[in-house]
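What the coordinates show
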Amino acid sequence: MRQGRDRRRYAHLIDLTTEFTDADKRCTAAGRSPLLRRVKRGWVWNQFFVLEEYTGLEPLYIGKLHSDMDKGDGSIKYILTGEGAGTTFTIDDNTGDIHAIQRLDREMKAQYVLRAQARNRLTDRPLEPESEFIVKIQDINDNEPRFLDGPYWATVPEMSQIGTSVIQLTATDADDPTYGNSARVVYSILEGQPYFSVDAKTGVLRVSLADMDRETRENYSVVIQAKDMGGQMGGLAGTTTVNITLTDINDNPPMFDQRLYQMSIPEAAPMGSVVGRIWAKDRDIGINAEMRYSIIDGDGRDTFDVSTDPTNLFGIITVKKPLDFETKPSYTLKVEGANTQVDPLFHHHGPFKDVTIVHVSVEDVDEPPLFDSPGYYIELPEDAEIGTVVKTVSARDPDSANNTVRYSIERTNDLDKYFYIDITSGALMTVRTLDREEMSWHNITVLAMEMNNPSQIASVSVAIKITDVNDNPPSLTHYLEAYVCENAKAGQLIQMVTAVDVDEPQGGQHFYYSLAPEAANNPNFTLRDNQDNTAWVLTRRGGWSQQQQTVFHLPIIISDSEHTSTSTLTIRVCSCDHEGNVLSCNAEAYSLPASLSRGALIAILACIFVLLVMILLMLSLRTHRKKTFLCDEEENVHENIVRYDDEGGGEEDTEAFDIAAMWNPREAHHHPGKMRQDMLPEIESLSRYVPQACVLGGGGGDSSVHGYVLAKLLEADLDLCAPPYDSLQTYAYEGEGSVAESLSSLQSGTSNTDHEYDYLNDWGPRFRKLAEMYGVLEANSPPLW
């Protein structure tokens, strides 16, 4: 029974308006065709209306489709197509009943468009044209209002007036606003009274309590309700939360947390040191709490300073001037703190500033000695005697103890130890001779140390300028050489000379020039003092010639009224063109005879050249002969000295040449001529043969042999084609019985024709030296040098 009532409640039957059509009966006769007539539409579909949110157990009955052609015999089949057919809606193909098999929600889909048709079940031929109908879902109040953007955050200035708007809220209802009151929303406040209120229709949240103070309470949470059905009973409701923060305004004056601050600072604290911090508290925040501090009174307003820290909240007391406990041990400051931003609406809340007192105590510290001057500048002449007191420096202990002070010099500034300071008096004096030209400034550092506390040391700079004394003579500048042209006339200027002096007299330099007494009356040059620290060197004559004399030396005396020096000017005679430009200057130390012409000079040079060519030709011929002699493999002779490790090699050894007969111990260390340095043999090598005429001062016996050896040594040293050294070979034994046979060069059979150079005597006196070395000396010939 209950299900039947639900179905009658939610289902709406179709109102069918049926038009009956009369069909003409077809008469069939033989040979005659049937008469066809238009079949009129037999049904018209209307809309179905159904409420949403059906919750019954059986399918929701929507309506019934029926055709007037349906005889009830089951020959007609009903077909449903369109939106939701088969999924949301079903139809009984026999009876035409339509049911909803799913829950309908108007907020999801408000209507469905369907199409229905009746067909012959056997032939599937449509009996009626397809018709379209709409199933509309009727709304019920099944959706509560919603605040889609909640929860909300809002701000409002503190102390706002009643009615000040805070925020506007909007709730949405998914129900149909055109059907009944399902979507008519009314706002109300559930939590937040009496501070705030909400407009029931617009949802605007407003301040409802005056003088709300942020410093008392800053945050509020307000619950707002939105109810549909116009707020009536049975309506659905939704809520949201609005978090409201009171923003700050400058409605509170600052106040110092202390009326008197006690601070202390050591007297040695440098300027800018932080003494302490003060704070004028303000109940406001942000820019309304920012402070500006200033010292408005007190005996320390010139000694200390106050500034605001980076947060703009605290005041920082700093040292502005040096402190001295012995001079003033304490200071008093009157400091004011005031807001930087003031709201004119709240002037009645009082002055937005406050004042406090700061007492600063200066702490005593053990300070280093203090000099009576931050630095000393002294001028001292360079001729000051050793022991001269330059300056007496003075330092004292600034502390109340007044300890004794001792003085010293920082030696890293006076490495050469020019000065000395008395340890007790501070008298600075010289201990070495000063020289301005060597060092014009002396920068030293004097140290002062407390007697009872050596760690307390002070220093001061002493700059000593060495003043000039005329103690150096002047001298010519680097122009110490000049020239005079051969075509120079008498009285012609050849050089302007200037002088330099390392001294720097206060009145400036003034030099006097003159010729040395020995050159005062020379016939060649004269000197003119221009009285402007320069002088001219002038010629006294003309007719200069390089052949007569190429160089002149002119001594010049320079004086600066106290010191005198002499410098020599070198003047060369040069060949010049007509404009005075130098072409050449002959620097030979000697001159050719005046009678010797240029042609004669050329002839002499040609003879010398021919002589040199002949000497080179002769040496090349001699070299060729030497190479032929040395390259003969059969006659290749080495001058050898044979040394045995033991004596007694057999009788054949006695046939070797006895070299001991040629050895003269008295002449062993006398070697004329330049000897070879390639290697030092144990005994000089000997040649087999040398003409006896080469022996000078010939005597008999040992002297002949000694001269012979020396002559051969000289020949070997001067022979450019000889082997580079005298070889020394050692054999087990030598002699006729040995494989090498006799190695003595004295027994080799060679011709001595290659060593005769007597023809050199016929070449004249210039080849006499060569004839002495290689040929036979002529009797009674005079000495060469």
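This structure is a prediction, so every number in the text was calculated from the model and none was measured. (Residues numbered from 1 in each chain as written. Predicted model: local features only at pLDDT ≥ 70, side-chain atom pairs only at ≥ 80, totals over all residues. Heavy atoms only, no water.)

Turning our attention to the side chain of Asn252. You can see Asn252 is positioned in the loop between strand E14 (237-247) and strand E15 (255-256). Residue classification places Asn252 among the buried residues on the basis of a relative accessible area of 10%. A distance of 3.2 Å separates a polar atom in the side chain of Asn252 from a polar atom in the side chain of Glu215. Side-chain polar atoms of Asn252 contact the side chain of Asp251, separated by 2.7 Å. Residues in contact with Asn252, not counting those within four places in the same chain, are Glu215, Asp282, Arg283, Asp284, Asn339 and Phe352. (Helix = DSSP H or I, 4+ residues; strand = E, 2+ residues; numbered from the N terminus. Buried < 20%, exposed > 50% of the residue type's maximum accessible area, 1.4 Å probe, protein only. Polar contact = N/O pair within 3.5 Å; in protein donor to acceptor, adjacent residues only side chain to side chain. Contact = heavy atoms within 4.5 Å.)

A word on the pattern of salt bridges. Scanning the entire structure with this criterion turns up 17 salt bridges. In this structure, Asp299 engages Lys328 in a salt bridge whose closest nitrogen and oxygen atoms are separated by 3.3 Å. Residue Asp299 is found in the loop between strand E18 (291-297) and strand E19 (304-308), and its partner Lys328 is found in the loop between strand E20 (314-319) and strand E21 (330-339); the two are separated by 29 residues along the sequence. A relative accessible area of 27% means that Lys328 is categorised as partly exposed. Glu437 serves as the salt-bridge partner of Arg436, at 3.0 Å between the closest nitrogen and oxygen. (Salt bridge = Lys/Arg side-chain N within 4 Å of Asp/Glu carboxyl O.)

Note: strands within a sheet are paired through backbone hydrogen bonds, in either parallel or antiparallel orientation. In space, the four strands of this open sheet follow the order E1-E7-E6-E3, with mixed pairing throughout. Single-partner strands in this sheet number two, and they are strand E1 (48-51) and strand E3 (76-82). Put simply, the sheet's adjacent strands are angled 30 degrees from each other on average, direction ignored. Taken together, the six bridges between strand E6 (residues 111-120) and strand E7 (residues 131-138) define a ladder with antiparallel strand orientation. Paired with Leu114 across the bridge in E7 is Phe133. (Pairing = 2+ DSSP bridges. Axes fitted to C-alpha atoms, helices over the stretch in contact; angles between N-to-C directions.)

What follows is about the pairing of strand E13 (residues 219-227). The element E13 is largely enclosed, with a buried count of seven among its nine residues. Pairing geometry for strand E10 (residues 186-191) and E13, over five bridges, is antiparallel. Of the residues in E13, the one forming a bridge with Val186 is Lys227. Two elements, E13 and E14, share nine bridges in a ladder whose sense is antiparallel. The partner of Ile224 across the bridge, within E14, is Thr240.

Per the UniProt record, "transmembrane region" (unreviewed entry) is annotated on residues 600-619. For the annotated span residues 600-619, helix accounts for 100% and strand for 0% of the residues, and the straight-line distance between the end C-alpha atoms is 29 Å. (UniProt positions renumbered as here; feature names shortened; annotations may be inferred.)

Bringing the state of the cysteines into the picture now. Scanning the model with the defined rule gives two disulfides in all. The disulfide bridge from Cys485 ends at Cys576, spanning 2.1 Å between sulfur atoms. Taking the torsion about the S-S bond as the criterion, the Cys485 to Cys576 disulfide, at about -85 degrees, is left-handed. Here Cys485, found in strand E33 (residues 481-485), pairs with Cys576, found in strand E39 (residues 564-576); they are 91 residues apart in sequence, far enough to count as distant. Like Cys485, the residue Cys576 is buried in the burial classification. Bridging Cys574 to Cys585, the disulfide has an S-S length of 1.7 Å. On the sign convention where negative means left-handed, the S-S torsion of about 105 degrees between Cys574 and Cys585 marks this disulfide as right-handed. (Disulfide = S-S within 2.5 Å.)

Looking now at the sheet that holds strand E11 (residues 196-198). A sheet is described by the order of its strands in space; here three strands give the open sequence E9-E12-E11, paired in antiparallel fashion. One side of each edge strand has no neighbouring strand; the edge strands of this open sheet are strand E9 (165-168) and E11. If you compare each strand with its neighbour and ignore which way they point, the axes differ by 20 degrees on average. Bridging between E11 and strand E12 (residues 204-207) involves three bridges; their strand directions are antiparallel. Within E12, the residue paired with Phe196 across the bridge is Val207.

The next subject is unusual backbone geometry. Trans peptide bonds make up the majority, and among non-glycine residues the majority have a negative phi. For the bond running from Gly150 to Pro151, omega is -5 degrees, close enough to zero to count as cis. Counting through the fold element by element, Pro151 comes out in the loop between E7 and strand E8 (152-157). For Gln531, which is not glycine, the phi torsion reads 60 degrees and is therefore positive. Within the secondary structure layout, Gln531 lies in the loop between strand E36 (525-529) and strand E37 (534-539).

This part covers the confidence of the model for the protein. Scored by pLDDT, the protein has a mean of 77; 75% of the residues are at 70 or more. The model gives residues 1-44 a pLDDT under 50, and that stretch makes 52 contacts with residues more than four places away or in other chains. (pLDDT = per-residue confidence, 0-100.)

What follows deals with the side chain of Asp501. Position of Asp501 among the secondary structure elements: in the loop between strand E34 (493-500) and strand E35 (512-515). Look at Asp501: it is buried, it has no salt bridge, and the nearest opposite charge is Arg436 at 7.2 Å. Looking at Asp501, its side chain comes within polar contact range of the main-chain nitrogen of Asp503, at 3.0 Å. When near neighbours in sequence (up to four residues on either side) are disregarded, Asp501 contacts Asn470, Asn472, Pro473, Pro474, Gln509, Phe511 and Asp560. (Lys, Arg positive; Asp, Glu negative; His and termini not counted.)

What follows is about the nonpolar core. One recurring pattern in soluble globular proteins: nonpolar side chains tend to sit buried together. Phe371, Leu380, Tyr407, Phe419, Leu428, Val462 and Ile464 are the most contacted members of the largest nonpolar core, which has 24 residues in total. Broken down by secondary-structure element, the contributors of at least two residues to this core are strand E24 (375-381), strand E27 (405-409), strand E28 (419-421), strand E30 (441-450) and strand E31 (457-467). Top contributing element to this core by residue count: E31, with five residues. Excluding residues within four positions of it along the chain, Leu380 makes contact with Thr388, Val390, Phe419, Thr430, Leu434, Ile464, Lys465, Ile466 and Thr467. (Core = buried A, V, L, I, M, F, W, Y, C linked by side-chain atoms within 4.5 Å.)

Summed over all chains, the structure comprises twelve aromatic pairs. With 6.5 Å between their ring centres and 80 degrees between their planes, Phe256 and Tyr261 make a pair best called edge-to-face. Here Phe256 matches Tyr261 in class, with each residue buried. For the ring pair Phe304 and Tyr331, a centre distance of 5.2 Å and an interplane angle of 75 degrees mean the geometry is edge-to-face. Here Phe304 is found in strand E19, whereas its partner Tyr331 is found in strand E21, with 27 residues between them in sequence. In this structure Phe304 comes out as buried when scored by relative accessible area, which is 1%. Against the face of Phe314 rests Arg277, its NZ or CZ located 3.9 Å from the ring centre. The ring of Tyr418 carries the charged tip of Arg432 above its face, separated from the ring centre by 4.4 Å. (Phe/Tyr/Trp six-rings, centres within 6.5 Å; stacked < 30°, edge-to-face > 60°. Lys NZ or Arg CZ within 6 Å of the ring centre and 35° of its normal.)

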